[in-house]
Amino acid sequence: MDRMNADSENPRSAEELDELRTQVESVERKLAGEFEASPRIVVAAAAVLVVIGSLALPHTGSVTGLQILMGDAHADNSSLVIVSKVFVWLEVLFGVLASGAALLTRRWVLAVIAGAGCGVGFVFGLLSVWSRQTPGLHGEPPSGAGIGLLLGWFAMIVLAIVWIKTIWARTAFQRAAEQERRDAAEKWEGFARTNNIGVHRPVQAERPSTDQQ
């Protein structure tokens, strides 16, 4: 009878509580590494598609982004400056690959990488557009920025803004979640102390019965 009372007062042992706490912390760590899905993700997905489409369109003259990417002879003869080539690679690496991976996995680290890369891509896109509007070093007339370059640059701006907002929102959400977890832990500890939960108590041995059968 005494043992039954002890079990009712201690429904969970310390080992069971530690195991449960470990499982909860594991889930929290997994959730902390992911950003929350929001309507901004749809905008980011559309921007990734625009970046992909812009690579097939002319960036300067009749030279497309894919030709610049593959080092086509026609692209090499078009007096492209280095910033235009760097911008195309930034589009592929961060506008397509990193952003696509972040959308598929919702990992916060990938969102940070994609946001930083798209921010750098915005700068190189601006320089690429500017270089297409200025005469060459040997007096060549400006060829003008193609529709592919303008669309790709605009999409990289959108991606940079979306990822920065996603990172900022995740940081605020994480702080709120951590505070809520601390409050819940304090309440649980107080409840455990009050109800003697998780505290090992010696089980009293039952006295042998002296009644004669």
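Definitions and cut-offs
- Residues numbered from 1 in each chain as written.
- Predicted model: local features only at pLDDT ≥ 70, side-chain atom pairs only at ≥ 80, totals over all residues.
- Heavy atoms only, no water.
- Helix = DSSP H or I, 4+ residues; strand = E, 2+ residues; numbered from the N terminus.
- Buried < 20%, exposed > 50% of the residue type's maximum accessible area, 1.4 Å probe, protein only.
- Contact = heavy atoms within 4.5 Å.
- Areas by Shrake-Rupley, 256 points an atom, 1.4 Å probe, with all protein chains shown as cover.
- Phe/Tyr/Trp six-rings, centres within 6.5 Å; stacked < 30°, edge-to-face > 60°.
- Expected span 1.5 Å × (residues − 1).
- Bend = angle between axes of the 7 residues up to and from the residue.
- Core = buried A, V, L, I, M, F, W, Y, C linked by side-chain atoms within 4.5 Å.

Per an unreviewed UniProt entry, the chain goes by the name Transmembrane protein and belongs to Tsukamurella paurometabola.

Moving on, we get to the overall build of the chain. What the chain contains, in helices and strands, is 8 helices and 2 strands. Its helices and strands taken in sequence order, the chain reads α-α-α-β-β-α-α-α-α-α from the N to the C terminus. The proportion of buried residues among the 213 residues of the chain is 31%. Look at the contacts in the chain between residues 6 or more apart in sequence, and 74% of them connect residues 24 or more apart. In the form shown here, the chain has an accessible surface area of approximately 13,700 Å², with 64% of it arising from carbon and sulfur atoms.

Attention now moves to the packing of aromatic side chains. Applying the stated criterion across every chain, the model contains 1 aromatic pair. Their ring planes at 10° and their centres at 6.2 Å tell us that Phe122 and Trp153 sit as a pair that is stacked. Of this pair, Phe122 sits in helix H7 (residues 108-132) while Trp153 sits in helix H8 (residues 147-195), and the two are 31 residues apart along the sequence. Classification of Phe122 as partly exposed rests on a relative accessible area of 33%.

With respect to the element layout, Val86 can be found in helix H6 (residues 82-105). Taking relative accessible area as the criterion, Val86 reaches 29% and is therefore assigned partly exposed.

Before going further, it helps to examine H6. The first and last C-alpha atoms of H6 sit 33 Å apart over 24 residues, in line with the 34 Å expected at 1.5 Å per residue. Its axis deflected by about 30° at Glu91, H6 carries its strongest bend there. Among the residues trailing H6, Arg106 stands out with phi positive, at a value near 60°.

Counting 25 residues, the largest nonpolar core has Ala44, Val51, Leu103, Cys118, Leu159 and Trp163 as its most contacted members. Mapped onto this core, the elements with two or more residues apiece are helix H3 (39-55), H6, H7 and H8. If you tally residues by element for this core, the top one is H8, at 10 residues. Those residues within four positions of Cys118 in sequence are excluded, and the remaining contacts are Phe94, Gly95, Ser99, Met156, Leu159, Ala160 and Trp163. Counting 5 residues, the second largest nonpolar core, distinct from the first, contains Leu55, Val63, Ile68 and Val88.

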